[in-house]
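Letter by letter, the chains look like this.
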Amino acid sequence: MATKCSIPAIDLQDFPNQLSKLISACEEWGCFRLFNHHEVLPLTLMSEMKAVVRSLFDLPAEIKRQNTDVITGSGYMGPKVNNPVYEALGFHDMSSLHDVDSFCSQLDASPDQRMNKYHFTPETVGSPGVRTHTDSGFLTIIQDDDVVGGLEVMNNSGEFIAVDPSPGTLFVNLGDMATVWSNGRFCNVKHRVQCKEAKIRFSIASFLSGPREVVEPPPELVDDEHPRVYVATTYEEYRKLRFSMKLQAGETLALLCPSSSDK
Ligand code: MG
């Protein structure tokens, strides 16, 4: 059962005044709610995205299966025996016109990023929609369901905190690459989705995975008091390592610690 508590809220119209609050949120929580972003992402566009996503999931299964992987886990995922409630569509690189075009031609549709549909029923109440994990990339921006909750984040005491729906805002969480880049300073927040009520739930996630080149901390985050925590890696190397380990909650980061390779 998740504890009731509010995650940090960041006002995009109040910069640079919010900078220290943003840094604290990244260090202590690894996530925050972003609001007043409507100059860059208007409410009408957000609701249009939701409507398009709903219509894509209504496509026949044989069409949805044409949304194939570019890298492991980037394409369509249908409900499975071990998780019958979760379904996802997606594409790999939203900055790549090729990826966007091929996604659109696969589904004969307009693009978004990773779109999740949870088929919650009375039988699945209390069960997981997505199990506890960290995201492998740098950060994830989520337009969550406006009504149906279920997203939970782990605080630094190990308790799960419910992230309640907040229409018209965005939820941002940091992943493993943010922890590597910040020399261990930023938190790769553990999170999950629980089925709370028997309703269909949608969310749209945009993943900023990391640069194609090597990820390492800027010099100002490394000194005698804060020695280098992780060896340099690229996002693709790290992602392959994480997939090969079959560990989803950030445990793979320990393999990037120089002390672990000395043993
Ligand atoms: Mg996630």
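Refer to the structure presented above.
In this report, the structure presented in the accompanying data block is examined. (Residues numbered from 1 in each chain as written. Predicted model: local features only at pLDDT ≥ 70, side-chain atom pairs only at ≥ 80, totals over all residues. Heavy atoms only, no water.)

1. Let's talk about the overall build of the chain
Phase 1: Each helix and strand counted, the chain has seven helices and 11 strands in total.
Phase 2: Here the chain has a C-alpha radius of gyration of 19 Å; the compact-globule value for 263 residues is 18 Å, and the two agree.
Phase 3: Within the chain, the proportion of its 263 residues that are buried is 48%.
Phase 4: Considering only contacts in the chain between residues 6 or more positions apart, those separated by 24 or more positions represent 73%.
Phase 5: Element-wise, carbon and sulfur atoms account for 57% of the exposed surface of the chain, whose accessible area totals about 13500 Å².
Phase 6: Distance from the positive charge centre (24 side chains) to the negative charge centre (35 side chains) of the chain: 7 Å. (Helix = DSSP H or I, 4+ residues; strand = E, 2+ residues; numbered from the N terminus. Rg over C-alpha atoms; globule rule 2.2 N^0.38 Å. Buried < 20%, exposed > 50% of the residue type's maximum accessible area, 1.4 Å probe, protein only. Contact = heavy atoms within 4.5 Å. Areas by Shrake-Rupley, 256 points an atom, 1.4 Å probe, with all protein chains shown as cover. Lys, Arg positive; Asp, Glu negative; His and termini not counted. Charge placed at Lys NZ, Arg CZ, Asp CG, Glu CD.)

2. As for the pattern of salt bridges
Phase 1: All told, the structure shown has nine salt bridges when counted by the stated rule.
Phase 2: Note that Lys199 is salt-bridged to Glu197, the shortest N-O span being 3.5 Å.
Phase 3: Several salt bridges converge on common partners, so that one network encompasses Glu152, Arg192 and Lys196. (Salt bridge = Lys/Arg side-chain N within 4 Å of Asp/Glu carboxyl O.)

3. Comments concerning the coordination of the magnesium ion
Phase 1: Ligation of the magnesium ion by protein atoms is provided by His133 (NE2), Asp135 (OD) and His191 (NE2), these donors lying 2.2 to 2.3 Å from the ion.
Phase 2: When the donor residues of the magnesium ion are listed from N- to C-terminus, their spacing reads H-x1-D-x55-H. Note that His133 is positioned in strand β5 (residues 128-133) and His191 in strand β10 (residues 191-194), a separation of 58 residues in sequence. Like His191, His133 is buried. (Donors = N, O, S within 2.8 Å, 3.2 Å for Na, K, Ca; no water.)

4. Here's the deal with the nonpolar core
Most often, soluble globular proteins have nonpolar side chains that are buried together.
Phase 1: Membership of the largest hydrophobic core comes to 19 residues, with the highest contact counts inside it found for Ile7, Cys31, Val153 and Phe171.
Phase 2: Elements with a minimum of two residues in this core: β3 (86-89) and β7 (151-154).
Phase 3: If near-sequence neighbours (up to four positions away) are discounted, Phe171 is found in contact with Ile7, Cys31, Phe32, Arg33, Thr140, Ile141, Ile142, Leu151, Val153 and Val163.
Phase 4: Ranked by size, the runner-up nonpolar core spans 14 residues in total, among them Val53, Leu56, Leu107 and Ile204. (Core = buried A, V, L, I, M, F, W, Y, C linked by side-chain atoms within 4.5 Å.)

5. Structural notes on a nonpolar patch on the surface
Phase 1: On the surface, Leu12, Phe15, Leu19 and Val40 cluster together to form a nonpolar patch covering roughly 350 Å² of accessible area.
Phase 2: Following the sequence through the fold, Phe15 ends up in the loop between β1 (9-11) and α1 (19-28).
Phase 3: Note on Phe15: relative accessible area 34%, which makes it partly exposed. (Patch = residues over 30% accessible without salt bridge, like charges linked within 9 Å, V, L, I, M, F, W, Y side chains within 5 Å.)

6. Remarks on the side chain of Thr179
Phase 1: Position of Thr179 relative to the elements: it lies in helix α5 (residues 176-181).
Phase 2: Classification of Thr179 by relative accessible area gives buried; the value is 4%.
Phase 3: Beyond its immediate chain neighbours, meaning those up to four positions away, Thr179 contacts Gly184, Arg185, Phe186, Cys187, Asn188, Tyr230 and Leu253.

7. Considering the sheet that holds β7
Phase 1: The four strands lie next to each other as β5-β10-β7-β8, forming an open sheet whose pairing is antiparallel. On the outer flanks of this sheet lie β5 and β8 (160-162), each paired with one strand and no other. Here the average twist between neighbouring strands, direction ignored, is 25°.
Phase 2: For β7 and β8, the ladder comprises three bridges, and the chain directions are antiparallel. Residue pairing across strands places Glu152 opposite Ala162, the latter belonging to β8. (Pairing = 2+ DSSP bridges. Axes fitted to C-alpha atoms, helices over the stretch in contact; angles between N-to-C directions.)

8. Observations regarding the environment of Glu213
Phase 1: Within the secondary structure layout, Glu213 lies in the loop between β11 (200-208) and α6 (235-245).
Phase 2: Between the alpha carbons of Glu213 and Thr233 there is a distance of 8.4 Å; along the sequence they are 20 residues apart.
Phase 3: Setting aside residues up to four positions removed in sequence, Glu213 forms contacts with Thr233 and Thr234.

9. Remarks on the environment of Val189
Phase 1: Within the secondary structure, Val189 is located in the loop between α5 and β10.
Phase 2: Judged by its relative accessible area of 1%, Val189 is buried.
Phase 3: Sequence-distant contacts of Val189, that is, excluding residues within four places in its chain, are made with Trp29, Gly30, Cys31, His133, Thr134, Val153, Met154, Asn173 and Leu174.

10. What about the state of the cysteines?
Phase 1: Scanning the entire structure with this criterion turns up zero disulfides.
Phase 2: Free cysteine: Cys26, not disulfide-bonded; nearest cysteine sulfur from Cys31 at 9.2 Å.
Phase 3: Owing to a relative accessible area of 7%, Cys26 belongs among the buried residues under this scheme. (Disulfide = S-S within 2.5 Å.)

11. Some details on unusual backbone geometry
Phase 1: With an omega dihedral of 10°, the bond running from Phe15 to Pro16 counts as a cis peptide bond.
Phase 2: By secondary structure assignment, the location of Pro16 is in the loop between β1 and α1.
Phase 3: Phi is positive for Asn183, which is not a glycine, with a value near 60°.
Phase 4: For Lys246, which is not glycine, the phi torsion reads 55° and is therefore positive.
Phase 5: Mapped onto the elements of the fold, Lys246 is located in the loop between α6 and α7 (258-262).
Phase 6: Given a relative accessible area of 69%, Lys246 falls into the exposed group.

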